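# Chains, contacts and geometry: an overview
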Amino acid sequence: MIRKTRLMTPGPAPVHPAARAAATGPLLHHRAAAFKPRFAAVQEGLSAAFRTEGPVAVLAGGKFGRRWAEVAEAYGMRVKTVHAEVGGTLTADDAAEAVAAFRPVSGLVMTASETSTGAAVDVAKIAEATRRLEPEAAIVVDAITAVGAFPIETDAWELDAVCGGSQKAFMIPPGLGFVACSPRGWERINGERAKPRYYFDLRKYARSAIDDQTPFTPATGLILQLEAALGAIAEAGGIEALEDNARVLAEATRAAAEVLELDLLSAASPSPAVTAIRAPRSGTAPDIVAAMRQRHDLFIAGGQGDLKPDIFRIGHLGYIDDVDLLGTLATLERVLMSIGYELSVGSSVAAAISVLEARG
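Each chain carries its own residue numbering, running from 1 in the written order of its sequence. Predicted model: local features are reported for residues with pLDDT of at least 70 only, side-chain atom pairs are reported and counted for 80 or more only, and whole-chain, interface and lining totals are derived from all residues. Side-chain measures were taken over the full set of non-hydrogen atoms in the model, leaving aside hydrogen atoms and water.

What follows is about the overall build of the protein. A run of H or I in DSSP counts as a helix once it spans at least four residues, and a run of E counts as a strand once it spans at least two, with each numbered from the N terminus. Scanning the protein from terminus to terminus reveals twelve helices and twelve strands. The globule rule used here is 2.2 Å times the number of residues to the 0.38 power, and the radius of gyration it is set against is calculated over C-alpha atoms. Here the C-alpha radius of gyration of the protein, 21 Å, is about what a compact globule of 360 residues would show, namely 21 Å. In terms of overall dimensions, the protein has C-alpha extents of about 65 × 55 × 35 Å along its principal axes. Taken across its 360 residues, the protein has 51% of its residues classed as buried. Side-chain charges in the protein split into 36 positive and 42 negative, and the spacing between the mean points of these groups amounts to 7 Å. Under the scheme applied here, a residue whose accessible area is under 20% of the maximum for its type counts as buried, over 50% as exposed, and between as partly exposed, the area being computed with a 1.4 Å probe on protein chains only. Residues scored as charged are limited to Lys and Arg (positive) and Asp and Glu (negative), so that His and the chain ends carry no count. To locate a charge, the coordinates of NZ of Lys, CZ of Arg, CG of Asp or CD of Glu are taken.

Turning to the layout of surface pockets, a few remarks are in order. Empty space left among the atoms is revealed by rolling a probe the size of a water molecule over them. As defined here, a cavity is a set of points on a 1 Å grid over the protein atoms alone where a 1.4 Å probe fits but cannot get out. A pocket is an open set with protein on both sides within 12 Å along at least five of seven lines, and residues line them when an atom is within 4 Å of a point. Grid points are joined across faces, edges and corners, and a volume is the space filled by probe spheres set on the points. Each pocket or cavity is described by its volume, and for the second largest pocket that value is around 560 Å³. Taken together, 25 residues make up the lining of the second largest pocket; nearest its centre are Pro14, Tyr319, Ile320, Asp321 and Asp324. Broken down by element, the residue count for the lining of the second largest pocket peaks at three residues, all from helix H9 (residues 239-259). Across the lining of the second largest pocket, the residue classes break down as 16 nonpolar, four polar and five charged. For this classification, Asp, Glu, Lys and Arg are treated as charged, while Ala, Val, Leu, Ile, Met, Phe, Trp, Tyr, Cys and Pro are nonpolar and the rest, including Gly, are polar.

Quick look at helix H8 (residues 220-235) now. One less than the number of residues in a helix, times 1.5 Å, gives the span that helix is expected to have. Between its first and last C-alpha atoms H8 spans 23 Å; for 16 residues at 1.5 Å apiece the expected length is 22 Å, and the two agree. If you check which residues of H8 are buried, you get Thr220, Leu222, Ile223, Leu224, Gln225, Leu226, Glu227, Ala229, Leu230, Ala232 and Ile233. We call two residues contacting when some pair of their heavy atoms lies within 4.5 Å. Close packing links the buried residues of H8 with helix H1 (17-23), helix H2 (35-50), strand E2 (56-60), strand E8 (176-180) and H9. Among the residues trailing H8, glycine 237 stands out with phi positive, at a value near 120 degrees.

Here we take up the environment of arginine 254. Assignment of secondary structure puts arginine 254 in helix H9. What makes arginine 254 partly exposed here is its relative accessible area of 22%. As for arginine 254 and leucine 264, which are separated by ten residues in sequence, their C-alpha atoms are 7.6 Å apart. Excluding its chain neighbours within four sequence positions, the residues that come into contact with arginine 254 are Leu264, Pro270, Ser271 and Thr275.

With that settled, the discussion passes to a nonpolar patch on the surface. Only residues whose relative accessible area exceeds 30% and that take part in no salt bridge are eligible for patches, with like-charged residues grouped when within 9 Å of each other and nonpolar side chains (Val, Leu, Ile, Met, Phe, Trp, Tyr) grouped when within 5 Å. Residue exposure ignores everything except the shown protein chains as possible cover, and the areas themselves are Shrake-Rupley values with a 1.4 Å probe. In what follows, salt bridge is the name for a side-chain nitrogen of Lys or Arg lying within 4 Å of a carboxyl oxygen of Asp or Glu. Side chains of Val71, Tyr75, Met77 and Val79 sit close together on the surface and give an oily, nonpolar patch of about 420 Å² of accessible area. Along the chain, valine 79 turns up in the loop between helix H3 (65-74) and helix H4 (92-102). Taking the relative accessible area as the measure of exposure, valine 79 reaches 30% and is therefore partly exposed.

Here we take up empty space enclosed by the protein. Taken as a whole, the largest cavity spans an internal volume of roughly 70 Å³. Residue lining of the largest cavity: 13 residues in total, with Val58, Ala60, Tyr199, Thr217 and Pro218 positioned closest to the centre. Among the elements that line the lining of the largest cavity, the one with the most residues is E2, at three residues. Of the residues belonging to the lining of the largest cavity, the class tally is eleven nonpolar, two polar and no charged. Forming the boundary of the second largest cavity are Thr117, Gly118, Arg254, Leu264, Ser266, Pro270, Ser271, Val274, Thr275 and Ala276. Here the lining of the second largest cavity gets three residues from one element, more than from any other, and that element is strand E9 (residues 274-278). Across the lining of the second largest cavity, the residue classes break down as four nonpolar, five polar and one charged.

Further remarks concern the sheet that holds E2. In this analysis, strands are considered paired if DSSP registers two or more bridges between them. Taken in spatial order, the five strands make up an open sheet running E2-E8-E7-E6-E3, and their pairing is mixed. Every other strand in the sheet has two partners, leaving E2 and strand E3 (107-111) as the edge strands with one partner each. Sheet twist, expressed as the average angle between the axes of neighbouring strands with direction ignored, equals 20 degrees. Of the strand pairs in this sheet, strand E6 (residues 138-142) and strand E7 (residues 161-165) are connected by three bridges, and their pairing is parallel. Looking at E7, one finds that valine 140 is bridged to alanine 161. Orientation is described by axes fitted as lines to C-alpha atoms, over the contacting stretch for helices, and by angles from 0 to 180 degrees between their N-to-C directions.

If you want it as structure tokens, here you go:
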């Protein structure tokens, strides 16, 4: 049998054909005149994706949410970590309680879409609750799996910094990082001159963006692929269409899990970016993930850390369509039956089709 490899993980996500085609073209020098309009197109697309009027820094360069704490501690900051139960999420009340208990607070960092558990947080409400108590606190959002899955309003919500990555909804390989800032965030960045910084000095990127350039040698090939992918997003209806696609695919996946009588890990606040599903029996999740890959070349994600025996994850970001999902669900049924799980053949596909048809 001729087999096709399919990526249905929450990242890296499938690469768009236009981006693959751009990768085979001639490499432009990053200071050449021809590169400037290409980078200008990238800036325009990124500004729309992050919903900001300002420049978006393009950088070359666990347990996810926990890593923010590790980074802050590495820079000598005092860190207060707010833990959510597995499958739970941080609420605005949780944030307000933590800020009140830990004052003074200079900043709050949150992960908008937690890839490892499939949970999403209400970024706008958490930011608002934090600022009621600490008006000057910096709000930093890890939106790597959120941008392209649901709206992140950098400017409207006055988010000081929002981080993204190329390998998720932007549909190109790993290698680029993005930082968008609201006007409030840029004011903070431009006003703080005491802290040492060089390569990651966002002021350099903002100044260079005025001239459609980067301050240092960029990953030019990836930027050309990004231009192509952003063009494809625009042709498909913009970032809103990409978000709608992820939302509907996630809803269809949740409907399929329900008829298969499989529980969601983050049922109370599921993310449109990725759905985390509990395996029929503890310890069988790695077998399901392995069988999908080894027997069918279909890559879904396993659990992280303590969750590894219990969950598997199906991604909905970027270049994934209805047929990809329906094929994944049909394959999942085959694998579940192979480990002795009783189900009605085709039931998950039928449930997903009902959701997809409702979209029209």
